[in-house]
Amino acid sequence: MRKAVWLGLVALALPVQAETGGKVVLPSGQEVTLLEVISNVPGAYGLALRYRFLAPEVAREGGTVDAETAGADMDWLCQTYALPKLPVNGPMPAEIIISMSDRDVPFGESDPEATQFFNAYSIEAGNCLWEPF
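Calculation notes
- Residues numbered from 1 in each chain as written.
- Predicted model: local features only at pLDDT ≥ 70, side-chain atom pairs only at ≥ 80, totals over all residues.
- Heavy atoms only, no water.
- Pairing = 2+ DSSP bridges.
- Helix = DSSP H or I, 4+ residues; strand = E, 2+ residues; numbered from the N terminus.
- Axes fitted to C-alpha atoms, helices over the stretch in contact; angles between N-to-C directions.
- Phe/Tyr/Trp six-rings, centres within 6.5 Å; stacked < 30°, edge-to-face > 60°.
- Buried < 20%, exposed > 50% of the residue type's maximum accessible area, 1.4 Å probe, protein only.

Student: Now, about the sheet that holds strand β6 (residues 127-131): what can you tell me, with residues and values included?
Tutor: Strand order in the open sheet made by the six strands is β1-β2-β3-β4-β5-β6, with mixed pairing throughout. Looking along the sheet, the strands with just one partner apiece sit at the ends: β1 (23-25) and β6. Across the sheet, the axes of successive neighbouring strands diverge by a mean angle of 35 degrees, strand direction being ignored. The pairing of strand β3 (residues 48-54) with strand β4 (residues 95-101) spans seven bridges and is parallel. Bridged to L54 within β4 is S101.

Student: If you had to explain the packing of aromatic side chains to someone new, which residues and values would you point to?
Tutor: All chains considered together, the criterion is met by two aromatic pairs. Judged by centre distance (6.0 Å) and plane angle (85 degrees), the ring pair of Y51 and Y81 falls under edge-to-face. Here Y81 lies in helix α2 (residues 67-82) and Y51 lies in strand β3, a separation of 30 residues in the sequence. Overall, the relative accessible area of 3% leaves Y51 in the buried class. Owing to a relative accessible area of 14%, Y81 belongs among the buried residues under this scheme. The interplanar angle of 70 degrees and the centroid separation of 5.7 Å between the aromatic rings of F53 and Y81 together place this pair among those described as edge-to-face. Here the residue F53 occupies a position in strand β3, and Y81 occupies one in helix α2, the gap between them amounting to 28 residues. For F53, a relative accessible area of 1% translates into the label buried.

This is the structure in structure tokens:
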């Protein structure tokens, strides 16, 4: 039994990248591409799942999606895209973090030319609850 629990924890500590490249059309009409899902970097409250999306329409120059619209799209992504993908077995994440960027900025790096939005959500009663980030 201990070995199974340990293996489950190791699996959660590895980056999840099997879904990369999937396109998602958001309620705003914006089309985003999943860059990666990261599960091996804890969030502010413990285990976190980070869904990173390429969203060219959030660009400062030439983009059509403002911060408020991006926020609504991220709420939708958490509730209808990320929540259904939570693990059935093993530890549940304490939070889901959704990010959108107009260009592919490697995780943990900054790019002053990039437009990026981030929202963090706790999970309560099967719903995403926005948390200050």
